[in-house]
Amino acid sequence: MTQTQDRSRTFSWSDPLAGAAHIGRRSGLELLRAMIAGELAAPPIMHLIDMARMEADEGRVTVELVPQEFHYNPLGTVHGGVISTLLDTATGCAVHSTLPAGVGYTSLDLNVKFLRPVTVDSGRLRCEGTVLQRGRRTALAEARLTDTKDRLIAHATSSCLLLPLTP
């Protein structure tokens, strides 16, 4: 995806149900790594906001985004919803990376603290999510969003409900 001088933008995505068909059949970490390797399509939200990169290990996920004008709110900064989406992705995927095949999750809450404004001058943003605690029914994760100068931009915690899945 590129932004042109006339400030227009187009993007495409794969059928999200094709990837969803693998949920429950592989572990969360296997699914994330297959997506990173291009074996499974990334979910449409990643294309919508133009997430640039993802890394995944058990209990830890990192996503990156380069701020663009199309992320802006009326104040001329990146919209809090875009920042929250990065934080939600990092926390949720960190939890997902710990789950065995047959177990899924859904977010119960997302608590965000915005610490600095973000503009195109902020450079590449890095959002790292980490699982703090995982039980049989719930998990708690946090995410830290930093800019290219390693300054903390935003922080979030998320509780997730763990659910049995049927393939």
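Here, the structure is the one placed above.
Residues numbered from 1 in each chain as written. Predicted model: local features only at pLDDT ≥ 70, side-chain atom pairs only at ≥ 80, totals over all residues. Heavy atoms only, no water.

A.B. asks: I tried to follow the overall build of the chain on my own but got confused; where do I start?
C.D. replies: In terms of regular secondary structure, the chain is built from 4 helices and 6 strands. From first element to last, N terminus to C terminus, the chain shows the α and β order α-α-α-β-β-α-β-β-β-β. Along the first, second and third principal axes, the C-alpha atoms of the chain reach 45 × 30 × 25 Å. When the accessible surface of the chain is totalled, it reaches about 9,100 Å², and 51% of it is carbon and sulfur. For the chain, the distance from the average site of its 17 positive side-chain charges to the average site of its 17 negative ones is 4 Å. (Helix = DSSP H or I, 4+ residues; strand = E, 2+ residues; numbered from the N terminus. Areas by Shrake-Rupley, 256 points an atom, 1.4 Å probe, with all protein chains shown as cover. Lys, Arg positive; Asp, Glu negative; His and termini not counted. Charge placed at Lys NZ, Arg CZ, Asp CG, Glu CD.)

A.B. asks: Teacher, can you tell me more about the pairing of strand 1 (residues 51-57) here?
C.D. replies: Residues in a regular strand point their side chains to alternate faces of the sheet. Bridge analysis of strand 1 against strand 2 (residues 60-65) gives 6 bridges, and the strand direction is antiparallel. Note that in strand 2 the partner of Asp57 across the bridge is Arg60. (Pairing = 2+ DSSP bridges.)

A.B. asks: Is there a simple way to think about helix 4 (residues 80-96) in this case?
C.D. replies: Owing to its 3.6 residues per turn, the α-helix aligns residues three or four sequence positions apart on the same side. Between its first and last C-alpha, helix 4 extends 24 Å over 17 residues, near the 24 Å set by a 1.5 Å rise per residue. Of all 17 residues in helix 4, 13 are buried, a share of seventy percent or more. (Expected span 1.5 Å × (residues − 1). Buried < 20%, exposed > 50% of the residue type's maximum accessible area, 1.4 Å probe, protein only.)

A.B. asks: What is the right way to read the packing of aromatic side chains from this model?
C.D. replies: In this description, an aromatic ring pair is defined by two values, namely the gap between the centres and the angle between the planes. A complete count under the given rule lists 1 aromatic pair for this structure. Ring centres of Phe11 and Trp13 lie 5.5 Å apart, and the angle between their planes is 40°; on these two criteria the pair is classed as tilted. (Phe/Tyr/Trp six-rings, centres within 6.5 Å; stacked < 30°, edge-to-face > 60°.)

A.B. asks: For this particular structure, what's the right way to read the nonpolar core?
C.D. replies: A general tendency of soluble globular proteins is for nonpolar side chains to be buried together. Met54, Val63, Leu86, Leu87, Cys127 and Leu145 are the most contacted members of the largest nonpolar core, which totals 26 residues. Contributing elements (two or more residues each) for this core: helix 2 (28-36), helix 3 (44-49), strand 1, strand 2, helix 4, strand 4 (125-134), strand 5 (138-146) and strand 6 (152-164). Leu99, Val131, Ala139 and Leu162 belong to the second-largest nonpolar core, a separate cluster that totals 8 residues. (Core = buried A, V, L, I, M, F, W, Y, C linked by side-chain atoms within 4.5 Å.)

A.B. asks: Even after reading the chapter, I still don't get the side chain of Ser158, so can you show me in this structure?
C.D. replies: Within the secondary structure, Ser158 sits in strand 6. Its relative accessible area of 0% is what places Ser158 among the buried residues. At 2.8 Å, the side chain of Ser158 forms a polar contact with the backbone oxygen of Asp109. (Polar contact = N/O pair within 3.5 Å; in protein donor to acceptor, adjacent residues only side chain to side chain.)

None of the figures reported here should be taken as evidence of function without further support.
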